[in-house]
Amino acid sequence: ATVLERVNKDDEFDDSFLKSCVEYGFLQKMSSKQYAWSHDQIQQAAYDLIPLSSRESFHLLIGSRLFISTPPSEMQHMIFFIVDNMNRGSKLIDDPNQRNEVAQLNLEAGEKALSTSAFHSASKYILTGLSFLSPESWDIQYNLTMRLYDAASEVLFVTGDFSRLSVLIDEPLMYARSFEDKLNIQNNLVRSLAASSKFEEGIAKCVSILYQLGEVIPLDITADFYAGEVASVKELLRGKSRHELLSLPMMTNTQKLAAMQFMNHALTMTFIAKPHLNPIIVLRMVKVSIEHGICNISTLAFAGYGAMMVSEPSCDVEAGHSMGRVATEIMKRLCAVEMTARLYATVYGMINIWKEPWQAGQNKHLEAYESGATTGDMEFATTNLYQYASTAIYGCGENLESLSQNIESYTKRAFQCNQRASWISFVILHQFTLDLMGIKQNSFLPYSQGMTEESCFTRCHSNNEISVCRLICCKKKYVAFLTGDLDVAAKMYELCQDFPVVFTGRLVNTIISVFIDGLIGLYFARKHRDDEVKWTNMGLEAIQSFRQWVKSSEWNFSNKLYLLEAEFYFLRGDDERAIHSYHAAIKVAREHRFVHEEGLAEEKAATYFLHKNRHDDAMRHFINSKKCYERWGAHTIVQRIDKAIAILLPLCTGRR
């Protein structure tokens, strides 16, 4: 209708012609100057009347007429009509000036598509725009050429076309006139390296660029250097109120703005592959934000610092939680909606988990996924989906069957977006659900032919993907523990020590890992072997940790502390305290809706009473444990409990 209106303004068709088209039912009159085809088939039939040999010139004519007649005030509204028609006649455009003009129009159409999150459409326009450029464009149309390559690198990253991106960037990196002109291209290159799990290369690239931007980040971090960075940031923050932080001026130094962008990307890669470097990046981002003013990425800097504060060794939950609120308010002040996914992954995935019920933050991760998908931040969109799924399994004990289906869907999304680290993490979670549900299936198979959990571990180990290796070890440890293979669980515990948790934040699954470690330690301590002291200390360390953590969140940690203490009292032979603590662990887990840990507490109580030859009490707790595991959907554990019940049944009197 809009195109017909525009053509009618140019008197291409007189009113009598349009009137007859309406009378014959070909067109519908929408208003005094607007018409639309009565049906798509009529439009197609009319189009088919144009000879194939004339269609390209016909489209070029329409596009050119529309372009000439459209005033600047209406160009944004008409841009797609104009460009689509011109592109279909692109082979007929020979004049260099006209080709540059159409390249410019494709850039404008691509930028408009980007602004509406139509990433694949944006890619089509921008890459078509590049095709109109000549080899001389770097000399005679430098700004247009640079803008098109910048935009192309952006859309190829967002759409996950990393192989094409790696080829495309060679030309602008060669012909760009300054280091600053290369930064956008380098930025998208680094993002693609991170998404492809090429972390060592990505980190090295970031460190090199940061050096040129005046931020020296050493790869080998000494204790003295780390202490100096911490002290420097603490001094900068000393005496600054929340209001003063929120009132910091805007960052205007272009080099520092660029440095923040590359530190932003380095943050994720170092978390996975170089955990000793990760806190240095966080501290430097905070330092730059305080000394040079805040920018959108400062939200992540302060959130990351908050995650450091709630983690060991300081464990200052209140201060960290307060810093997380500062980060959130800065994002709101700056209207930095594109930072939502990154901020929520840190605030709701690493900070608030120490204070607020784990169930309460889950919807925020889903919101962050939607936001990240809309703004093109698929790296952190999928990261939030992972945090949601991981917390649902390890932390909340949601039904495994429904979670397994959701995780399979999440894996496909991450795989389609070429987010390798995310889809591998999802596959590991999916395998976890399958193992507990008793389904013999290799979750890696649909995504990587021939890959297994073991081969994935080997590959990630050689690639120094520390967080993925730790994820596999923790998953295998948890499954072995729950299925009763404590020797394998102990081996996995030892292997986990090779992949330490970073200082800049724990996720829920790493907190649960400490809980399981404590239970493993107290189990083996009861064997009273030569290494009893080692295992006892392992249990006591877990108890000490949870006694610290429960001060900030009884909801999340009290049932776990009760169960650890029950197992310790069992070890020490303190029956009265052991029974009280088992019952407390069961009661609190039920009240706080941790059905998987309610089942575990019931099972551990049953084992205790079995050891004390109180067979009826043991049977009661085994039956309750089975019911919990059934609700969780952990059929592998249910089968093991059934076997214990069958063995115990002849010993029971039936009295309660």
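As the structure is a computational prediction, the values presented were derived from the model and not from experiment.

A. How the structure looks around the overall build of the protein chain. Across its full length, the protein chain carries 34 helices and two strands. Along the first, second and third principal axes, the C-alpha atoms of the protein chain reach 100 × 60 × 45 Å. The buried share of the protein chain, taken over its 656 residues, is 56%. The contacts of the protein chain with a sequence gap of at least 6 include a subset with a gap of at least 24, amounting to 67%. For the protein chain, the computed accessible surface area is about 28,800 Å², with 52% contributed by carbon and sulfur atoms.

B. Spatial organisation of the confidence of the model for the protein chain. Taken residue by residue, the protein chain gives an average pLDDT of 92. The fraction at 70 or more is 97%. Note on residues 1-8: pLDDT under 50 across the span, and 24 contacts to partners over four residues away in sequence or across chains.

C. View of the nonpolar core. In this structure, Phe 302, Tyr 305, Ile 520 and Trp 632 are the most contacted members of the largest nonpolar core, which totals 177 residues. Considering every element that reaches this core, the biggest residue donor is helix α26 (residues 466-482), with 12 residues. Not counting residues up to four positions away in its chain, the partners in contact with Tyr 305 are Val 233, Lys 234, Leu 237, Val 282, Leu 283, Val 286 and Met 323.

D. Spatial organisation of the packing of helix α7 (residues 119-131) against helix α9 (residues 142-158). Here α7 crosses α9 at 145 degrees, and the two axes come no closer than 9 Å. The two elements α7 and α9 cross, and the hand of that crossing is left-handed. Note on element contacts: α9 touches α7 through Leu 148, Tyr 149, Ala 151, Ala 152, Val 155, Leu 156 and Val 158, opposite Phe 119, Ala 122, Ser 123, Ile 126, Leu 127, Gly 129 and Leu 130. Taken together, the residues that form the contact of α7 with α9 break down as 12 nonpolar, two polar and no charged.

E. Highlighting unusual backbone geometry. With a phi close to 65 degrees, Ser 197 is a non-glycine residue in the positive phi region. Mapped onto the secondary structure, Ser 197 falls in the loop between α12 (183-195) and α13 (199-212). Residue Ser 197 is classed as buried on the basis of its relative accessible area of 2%. Unlike most non-glycine residues, His 528 shows phi in positive territory, near 55 degrees. Looking at where His 528 falls in the secondary structure, it is placed in the loop between α28 (508-525) and α29 (532-549).

F. Summary view of the pairing of strand β1 (residues 27-31). The pairing of β1 with strand β2 (residues 34-37) spans four bridges and is antiparallel. Following the sheet pairing, Gln 28 is matched in β2 by Ala 36. Taken together, β1 and the strand that follows it, β2, pair antiparallel across an intervening segment of two residues.

G. Just the side chain of Glu 603, in detail. Mapped onto the elements, Glu 603 comes out in helix α32 (residues 595-611). At 2.9 Å, the side chain of Glu 603 forms a polar contact with the side chain of Tyr 629. Setting aside anything within four residues of it in sequence, one finds Glu 603 in contact with Phe 622, Ser 625, Tyr 629, Arg 640 and Ile 641.

H. Looking closely at the pattern of salt bridges. Counted by the stated rule, this structure contains 33 salt bridges. Note that Glu 215 and Lys 256 form a salt bridge whose closest N and O atoms lie 2.7 Å from each other. Residue Glu 215 is located in the loop between α13 and α14 (223-237), and its partner Lys 256 is located in helix α16 (residues 254-273); the two are separated by 41 residues in the primary sequence. Each member of the pair Glu 215 and Lys 256 is classed as buried.

I. Molecular detail of the environment of Tyr 523. Mapped onto the fold, Tyr 523 is located in helix α28. In this structure Tyr 523 comes out as partly exposed when scored by relative accessible area, which is 22%. Expressed as a C-alpha distance, the spacing of Tyr 523 and Gly 539, which sit 16 residues apart in the sequence, is 8.8 Å.

J. View of helix α17 (residues 278-292). Taking 1.5 Å per residue, 15 residues should reach 21 Å; α17 reaches 21 Å between its end C-alpha atoms and fits that length. Most of α17 sits inside the fold, with 12 of its 15 residues counted as buried. By the burial criterion, the buried members of α17 are Asn 278, Pro 279, Ile 280, Ile 281, Val 282, Leu 283, Arg 284, Met 285, Val 286, Val 288, Ser 289 and Ile 290. Contacts from the buried residues of α17 go to α14, α16 and α18 (298-310). Gly 293 sits one or two positions beyond α17 and adopts a positive phi of about 100 degrees.

K. Spotlight on the state of the cysteines. With the rule as written, the count across this model stands at zero disulfides. Sulfur of Cys 496: no disulfide; nearest cysteine sulfur belongs to Cys 474 and is 3.9 Å away.

L. Representation of a nonpolar patch on the surface in the model. On the surface, a cluster of nonpolar side chains totalling about 370 Å² of accessible area is made up of Tyr 24, Phe 26 and Trp 37. Tracing the chain through its elements places Tyr 24 in the loop between α2 (15-23) and β1. Residue classification places Tyr 24 among the exposed residues on the basis of a relative accessible area of 65%.

M. Expanded view of α26. In this model α26 runs 24 Å from its N-terminal to its C-terminal C-alpha over 17 residues, within 8% of the 24 Å that 1.5 Å per residue would give. Within α26, 16 of the 17 residues are buried, which leaves the element mostly enclosed by the surrounding structure. Directly after α26, the chain includes Gly 484, whose backbone phi takes a positive value near 90 degrees.

N. The packing of α18 against helix α20 (residues 340-351), seen in detail. The N-to-C vectors of α18 and α20 enclose an angle of 10 degrees; their axes lie 9 Å apart at closest approach. Regarding the angle of α18 to α20, the classification is roughly parallel. By crossing handedness, the relation of α18 to α20 is classed as left-handed. Between α18 and α20, the residues in contact are Thr 299, Leu 300, Ala 303, Gly 304, Gly 306, Ala 307 and Val 310 and Arg 342, Leu 343, Thr 346, Val 347, Met 350 and Ile 351, respectively.

O. Spatial organisation of the side chain of Lys 256. A relative accessible area of 12% places Lys 256 in the buried class. Not counting residues up to four positions away in its chain, the partners in contact with Lys 256 are Leu 213, Gly 214, Glu 215, Met 251, Val 288 and His 292.

P. Highlighting the packing of aromatic side chains. Here the structure, examined in full by the defined rule, presents 32 aromatic pairs. Plain terms: the ring middles of Phe 415 and Trp 423 are 5.4 Å apart, the flat faces sit at 75 degrees to each other, and that makes the pair edge-to-face. Under the relative-accessibility criterion, Phe 415 is labelled partly exposed at 36%. Aromatic ring contacts, followed pair by pair, group Trp 354, Trp 358, Phe 515, Phe 546, Trp 549, Phe 557 and Phe 594 into a single cluster. Arg 177 extends its terminal NZ or CZ atom over the ring of Tyr 142, reaching a point 3.9 Å from the ring centre.

Q. Expanded view of the environment of Ile 579. By secondary structure assignment, the location of Ile 579 is in helix α31 (residues 575-591). As a C-alpha pair, Ile 579 and Ala 566 span 13 residues in sequence and 7.0 Å in three-dimensional space. When neighbours within four sequence positions are excluded, Ile 579 is seen to be in contact with Tyr 608, Phe 609 and Arg 614.

Calculation rules
Residues numbered from 1 in each chain as written. Predicted model: local features only at pLDDT ≥ 70, side-chain atom pairs only at ≥ 80, totals over all residues. Heavy atoms only, no water. Helix = DSSP H or I, 4+ residues; strand = E, 2+ residues; numbered from the N terminus. Buried < 20%, exposed > 50% of the residue type's maximum accessible area, 1.4 Å probe, protein only. Contact = heavy atoms within 4.5 Å. Areas by Shrake-Rupley, 256 points an atom, 1.4 Å probe, with all protein chains shown as cover. pLDDT = per-residue confidence, 0-100. Core = buried A, V, L, I, M, F, W, Y, C linked by side-chain atoms within 4.5 Å. Axes fitted to C-alpha atoms, helices over the stretch in contact; angles between N-to-C directions. Left-handed = near helix turned anticlockwise from the far one by under 90°. Nonpolar A, V, L, I, M, F, W, Y, C, P; charged D, E, K, R; others polar. Pairing = 2+ DSSP bridges. Polar contact = N/O pair within 3.5 Å; in protein donor to acceptor, adjacent residues only side chain to side chain. Salt bridge = Lys/Arg side-chain N within 4 Å of Asp/Glu carboxyl O. Expected span 1.5 Å × (residues − 1). Disulfide = S-S within 2.5 Å. Patch = residues over 30% accessible without salt bridge, like charges linked within 9 Å, V, L, I, M, F, W, Y side chains within 5 Å. Parallel < 35°, antiparallel > 145°, perpendicular 65-115°, else oblique. Phe/Tyr/Trp six-rings, centres within 6.5 Å; stacked < 30°, edge-to-face > 60°. Lys NZ or Arg CZ within 6 Å of the ring centre and 35° of its normal.

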